[in-house]
Amino acid sequence: IRLPPVRQALPVATLNRLSRQVEDQPSPISWTDARLGDMLVERDGVRTYSKSSVELRFTDGARLTVTEDSLVFLHRSGTVLKGAERKSIELMKGQAELDARSNMPATGAPEVEIIVGASRTTSRADKSGGAQTRARKAEGNSAKVMVYGGESDVEAGGAKVPGPHGMGPPLAASRPPPPPPKALGAPP
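To keep things clear, this report deals only with the structure shown in the data block. Fair warning: this is a prediction, and the values are worked out from it, not measured in the lab. (Residues numbered from 1 in each chain as written. Predicted model: local features only at pLDDT ≥ 70, side-chain atom pairs only at ≥ 80, totals over all residues. Heavy atoms only, no water.)

### Details of the nonpolar core
- Val-46, Leu-56, Phe-58 and Leu-64 are the most contacted members of the largest nonpolar core, which totals 25 residues.
- Of all the secondary-structure elements, those providing two or more residues to this core are strand S1 (13-19), strand S6 (53-58), strand S7 (63-66), strand S8 (71-76), strand S9 (86-93), strand S10 (95-101), strand S11 (111-116) and strand S13 (130-137). (Core = buried A, V, L, I, M, F, W, Y, C linked by side-chain atoms within 4.5 Å. Buried < 20%, exposed > 50% of the residue type's maximum accessible area, 1.4 Å probe, protein only. Helix = DSSP H or I, 4+ residues; strand = E, 2+ residues; numbered from the N terminus.)

### Description of the pairing of S11
- Within S11, six of the six residues are buried, which leaves it mostly tucked inside the rest of the structure.
- Burial of S11 is two-sided: the residues Glu-111, Glu-113 and Ile-115 facing one way and the residues Val-112, Ile-114 and Val-116 facing the other way are all buried.
- In the sheet, S11 pairs with strand S12 (residues 119-124) via five bridges, with the strands oriented antiparallel. In the sheet register, Val-112 faces S12, and the bridge partner there is Ser-123.
- As consecutive antiparallel partners, S11 and S12 are separated by two residues, and within that stretch Gly-117 has a phi angle of approximately 60°, a positive value. (Pairing = 2+ DSSP bridges.)

### A look at the pattern of salt bridges
- All told, the structure shown has seven salt bridges when counted by the stated rule.
- For Arg-63, the salt bridge identified is with Asp-99, shortest N-O distance 2.5 Å. Of this pair, Arg-63 sits in strand S7 while Asp-99 sits in strand S10, and the two are 36 residues apart along the sequence.
- Judged by its relative accessible area of 24%, Arg-63 falls in the partly exposed class.
- Here Asp-99 falls in the buried class, since its relative accessible area comes to 12%.
- When salt bridges with common partners are traced through the structure, they connect Arg-17, Glu-55, Arg-63 and Asp-99 into a single cluster. (Salt bridge = Lys/Arg side-chain N within 4 Å of Asp/Glu carboxyl O.)

### Overview of the packing of aromatic side chains
- This model, assessed by the stated rule, comprises one aromatic pair.
- Pairing Trp-31 with Phe-73 gives two aromatic rings, centres 6.2 Å apart and planes at 65°, and the pair type is edge-to-face. Taken as a pair, Trp-31 in the loop between strand S2 (22-25) and strand S3 (32-33) and Phe-73 in strand S8 lie far apart in primary sequence, 42 residues in all.
- Judged by relative accessible area, which is 23%, Trp-31 ranks as partly exposed.
- Of the residues examined, Phe-73 reaches a relative accessible area of 17% and is grouped as buried.
- Sitting above the plane of the Trp-31 ring, Arg-47 keeps its charged end 4.2 Å from the centroid. (Phe/Tyr/Trp six-rings, centres within 6.5 Å; stacked < 30°, edge-to-face > 60°. Lys NZ or Arg CZ within 6 Å of the ring centre and 35° of its normal.)

Right, here's the structure in full:
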């Protein structure tokens, strides 16, 4: 019997770009001003203020842009037996944009789970080789998700709906997701 090596899906991110007022919290240290090159791991957080943003670059090639007035924490999403890395990002406030492309072609693009309130969106690459997803925490603990590239599964209220490229379902805090509506086309 030959078992593939089990790689830990520990989320490790470096602050790659930042603009204006950004703070990070490398657990258990309290919030401090963020600097380029700061490293975040599981349970660490980053928050942005008005007109501020930060890009987190993960070791597997995924990038997460956290926009203004946002709060994000990193989590591990179980262990991995298949080839894809998987991590969770909990969006407590604001909006974040994910661009997941592998910098290691043999392992494929990473899977990323975005948690917003009681909903979960798992983004993964399609045949084009990447995944691009935007998630936003809306009023009343609801979530808004848009899949620009790759595919996603959207889960809320105990139900799961596939979210292929170009879809953007609004998610209520406790109801199952509706079938994803088709995104608007590019303006002429």
